[in-house]
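A look at the structure
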Amino acid sequence: MRFFILSILIFLSTGSFAQSSLVITFNDNTTQTIALTTLPDIWMKDDKMTVKTSETTLEYPLYTVKTFTFGNASGIKAVKAAEYQLTGDALILPDESAAVRVYTLDGKAVSCPVAHGNGQTVVSLTSLQPGAYIIKAGGRSVKILKN
């Protein structure tokens with residue numbers, strides 16, 4: 001029965017794709033949000049739910065999945081102006097000596113030009129492809145969405 005319901009949800013959700021994320025809710029009420037750039041392939045086989053996006057392939061034991069839905073919410077909250085400032089294609093940090101690391105949502109490190117000076121660190125985002133990223137700097141992490 002669960003397989004049938006999930007299959008119907010997949011069929012209904014593939015009608016039109018204007019969403020930007022896939023939210024998977026597990027039986028313990030935890031969730032995982034996957035940022036999407038294109039419609040993913042989702043299938044159930046051998047008691048597993050497989051999600052294949054343009055960036056990665058994820059597998060979940062089917063018995064642990066409660067629901068999955070497509071949505072527009074990215075789960076990315078606004079940056080507090082006192083901590084970081086987002087100006088154009090640059091993220092400005094108030095610490096001149098901040099070590100910066102940039103990751104895709106699936107944990108792959110990506111490189112971005114970083115400049116230090118005038119009491120701040122400037123991370124250029126121009127080389128990043130559209131998508132969601134995690135930037136770790138100055139002992140903090142911030143999620144950004146580049147359009």
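Everything below is about the structure printed above this text.
Residues numbered from 1 in each chain as written. Predicted model: local features only at pLDDT ≥ 70, side-chain atom pairs only at ≥ 80, totals over all residues. Heavy atoms only, no water.

Assignment of secondary structure puts threonine 25 in strand S1 (residues 21–26). Here threonine 25 is in contact with Thr30, Thr31, Thr64, Val65, Lys66 and Thr67, once residues within four sequence places are set aside. (Helix = DSSP H or I, 4+ residues; strand = E, 2+ residues; numbered from the N terminus. Contact = heavy atoms within 4.5 Å.)

Turning our attention to the sheet that holds strand S14 (residues 140–146). The sheet built from four strands is open, its strands ordered S10-S9-S13-S14 with antiparallel pairing. The sheet is open, and its two borders are formed by strand S10 (109–110) and S14, each paired with just one other strand. For strand S13 (residues 131–137) and S14, the ladder comprises seven bridges, and the chain directions are antiparallel. Bridge assignment links alanine 132 to a residue of S14, and that residue is leucine 145. (Pairing = 2+ DSSP bridges.)

The next point concerns unusual backbone geometry. At asparagine 29, a position not held by glycine, the phi torsion is positive, near 70°. Here asparagine 29 is to be found in the loop between S1 and strand S2 (31–35). Residue classification places asparagine 29 among the exposed positions, given a relative accessible area of 52%. Here the phi dihedral of asparagine 118 falls at roughly 55°; this positive angle occurs in a residue that is not glycine. Assessed through its relative accessible area of 79%, asparagine 118 is described here as exposed. (Buried < 20%, exposed > 50% of the residue type's maximum accessible area, 1.4 Å probe, protein only.)

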